[in-house]
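Single-letter residue listing:
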Amino acid sequence: MSNGVFTAGARPLLEIKRVSVDYRAESGTVHALTDVSLTLERGQILGLAGESGSGKSTLGYAITRLLKPPAEITGGEALYYPRTSRQGMGTRNGAAPAPAAVDVLKLTPGQLRGLRWKELAIVFQSAMNALNPVIDIAAQITDVLRTHQPGLSGRQQRARAIELLRLVGIAPDRLHSFPHELSGGMRQRAIIAIALALGPELIIMDEPTTALDVVVQREILMQLIGLRNDLGFSVIFITHDLSLLLELADKIAIMYAGRVVELATRDELKRLPRHPYSYGMLNSFPTIHGERRRMVGIPGAPPDLRSVPSGCSFHPRCPLAFAPCDRVVPALRQAAAERSDPAVACHRYDPALSSAPPPTNDEFAARYAAAYQAAREGRRA
Amino acid sequence: MTHSSPAEKTSAADRADAGAPILEAVGLRKYFSVRGSKLFGPRPVVHAVEDTSFALYPGRALALVGESGSGKTTVARMLARLYQPTAGALLYRGAPATNESRSALLAYRRHVQMIFQDPFSSLNSNHNVRYILGRPLRLHRHARNRRDERERIITLLNTVSLSPAEQFIEKYPHQLSGGQRQRVAIARALATRPEVLLADEPVSMLDVSIRLDVLNLLLDLKERERLAFLFITHDIASARYFAEETLVMYAGQTVEGGPSDEVIQRPKHPYTQLLISAAPDPNRAEAAPFQARGDIPSLITPPSGCRFHPRCPHAMPVCRERFPGRTTFGGGHWAHCFLYGEGGSASDAAATQTTALSPARRQ
């Protein structure tokens, strides 16, 4: 499903470097995002997976500059590398000298307006709330065109709106429908159509299909992959549903309590998750096929961000935790010497701290099973 | 208690299968009348559930699978006696449980309890855990005095793994996480010592890493307390994980049912096949050829015959005319689909030609 539309060695599209976001609350400062660094290649689908409070949506909103107080970006940069020549959607072969990167986090409101929609669009979770209920779909699409491409005539706008709807699989006769006349899936398609209006390089999708039924969800994801292959945009796909990303994303970042704890390609993550939390998440989903057996899951619950555990914030739930875990925050580093290896934030991969070899799937399974068994016995005692 | 797998439990439950069902639904039907657009026109009716029958056994779970609007929650609410069925009967231990006195309803609800999807709205935020759990104990006279009540509440909290229980007893819902709230909701359902639990999407509002924990807690209860479960879910994988038997609903009609593994590994009805091909499956080698068209139909003017026919890739003329009878495939697996013939039901012989069009019938 992934296959490289992006070419290796080319400039990335977006480089997120050590971004931190705080929420200032009366009861103290909440570190929603701490030192997050990620790179998005052109044409890539990057999945951000995490539970509520992991910071995945905050990251999406930070790089689109949609955060409002009390949220505050306290550090880092998000370097966006614009394409040289833009000849509209479909024809992408810029060869001229590349313009300099822009730091999205430092743009003025005026500069942001130039970036938004044309370069970077966002699709929100709730399709009903993202559409204006008293304006028909046509007007909502042409609204974008009017604002960002004032040169277009009314006829051209209408033609473009029909073209966009056709792209996402909505019949042109729905052009003048109001949001309440569309099903949930069609509304979400309409929003994707609006996001595509100016042919952006990057679309950020925040749980775009979570509120939809599985059948509709699958249709929209298939369409999204098709559009990505045709138009070549990149996607940051934010979801709590890791099993979805394993089918959809090229690269997956696993987030926990405001940090990226693992960054791996989809296949590598599936084959051998490196972080104990990633392993636990991957094995928290019952499957349709294979052996039916009791699964164990991750003990405990995600932390309250007002009082994140010391050291590695996962250590109270981690069945592999050892001495340094509650004292030292692990940094995200390559799991092994190979450059292509996944990055992981876990002391078990630090030879200076751990003499044991890196954990295997078998060790993960055994440790999790033992922790589960102990909890069960504790419950009964 | 041994650390047994769901598969082992299936065989254990099969042995218990000889036992009588605790709760039976026979031909349940529910229509809701809604306000029409015409002032003096006939009142439109939502055909929410049509002719649904199943039985719940001690120590076993039946999963009700379907998309939103398929009628699965309506079925649970009829079983909880929150809705009065339009037609059909509920049998509790063989005796009809229908419109009766308040005391009979109270007795029924002591045995049949419900767990709701959203623990943020199913717990009254004005009351603490002691009140929330103490109320069913008092109403159903399970506690003799305050000390007895406290002890029982502590036991309940321990049963749902909220420990140390003493710490939770004075807490208010807003002081608890989603997973803890759902555990309190489960404890409340257990307070009356029920025999049947109706769990309506009990984990879909919870964080991913907590879901499995709560599912395992419910599995433990099923085994240990021999509870009968109706498990409602849109996630066919968790139906397979949790329930011995699965029933698939589409637009108010039950289209397929049987042992979970049979239904999910060898789906017969085109809708079940669609549902399974749409479910996320990390082990899928390549994107499955996925064919679906249209949306779930309006239940005010549902399609005639089999309601899936407008979306069905195999639809035949007869599908529009009437709902197919039940075809059995052995081992308790059945489906309502003309692809497998007329089914066992008494139907007119006029449509024999459709049997000829259908693929070779298995078994």
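Residues numbered from 1 in each chain as written. Chains lettered and ligands numbered in written order. Predicted model: local features only at pLDDT ≥ 70, side-chain atom pairs only at ≥ 80, totals over all residues.

> Sorry if this is basic, but what is going on with the overall build of chain B here?
Along its length, chain B carries 13 helices and twelve strands. Counting all 363 residues of chain B, 44% fall into the buried class. When contacts within chain B are restricted to residue pairs at least 6 apart in sequence, those whose partners lie at least 24 apart make up 62%. (Helix = DSSP H or I, 4+ residues; strand = E, 2+ residues; numbered from the N terminus. Buried ≥ 20, exposed ≤ 12 C-beta atoms within 10 Å, placed from the backbone. Contact = placed C-beta atoms within 7 Å.)

> For this particular structure, what's the right way to read the interface of chain A and chain B?
Where the parts come together, the accessible area they lose is often given as the size of the interface. Contact with chain A, which involves 36 residues of that partner, is made by 39 residues of chain B. Those elements that place two or more of their residues in the side of chain A that touches chain B are helix H7 (214-231), helix H8 (242-248), helix H10 (276-282) and helix H11 (361-380) of chain A. No other element matches the five residues that H7 of chain A contributes to the side of chain A that touches chain B. Classifying every residue of the side of chain A that touches chain B gives 14 nonpolar, eleven polar and eleven charged. (Nonpolar A, V, L, I, M, F, W, Y, C, P; charged D, E, K, R; others polar.)

> Hey, could you run me through the pairing of strand E7 (residues 202-206) of chain A in this one?
Residues in a regular strand project their side chains so that they alternate between the two faces of the sheet. All names here are of chain A. When you tally the buried positions in E7, you get five out of five residues, the bulk of the element. Covered by surrounding structure in E7 are Leu202, Ile204 and Asp206 together with Ile203 and Met205, the residues of both alternating faces. Of the strand pairs in this sheet, strand E6 (residues 120-123) and E7 are connected by four bridges, and their pairing is parallel. Its bridge partner lying in E7, Ile122 is registered against Ile204. Sheet analysis places E7 next to strand E8 (residues 234-239), joined by five bridges and oriented parallel. Within E8, the residue paired with Ile203 across the bridge is Val235. In this fold, the crossover linking E7 to E8 by way of H7 has right-handed handedness. (Pairing = 2+ DSSP bridges. Right-handed = clockwise from strand over helix to strand, strands pointing away.)

> Please clarify how the domain arrangement of chain B should be interpreted in this entry.
Residues and elements named next belong to chain B. The domain architecture assigned to chain B consists of domain 1 (6-253) and domain 2 (267-280 + 289-357). Taken together, the contacts link 14 residues of domain 1 with 14 residues of domain 2. Considered class by class, the residues forming the side of domain 1 that touches domain 2 number nine nonpolar, four polar and one charged. (Domains from an automatic or database assignment.)

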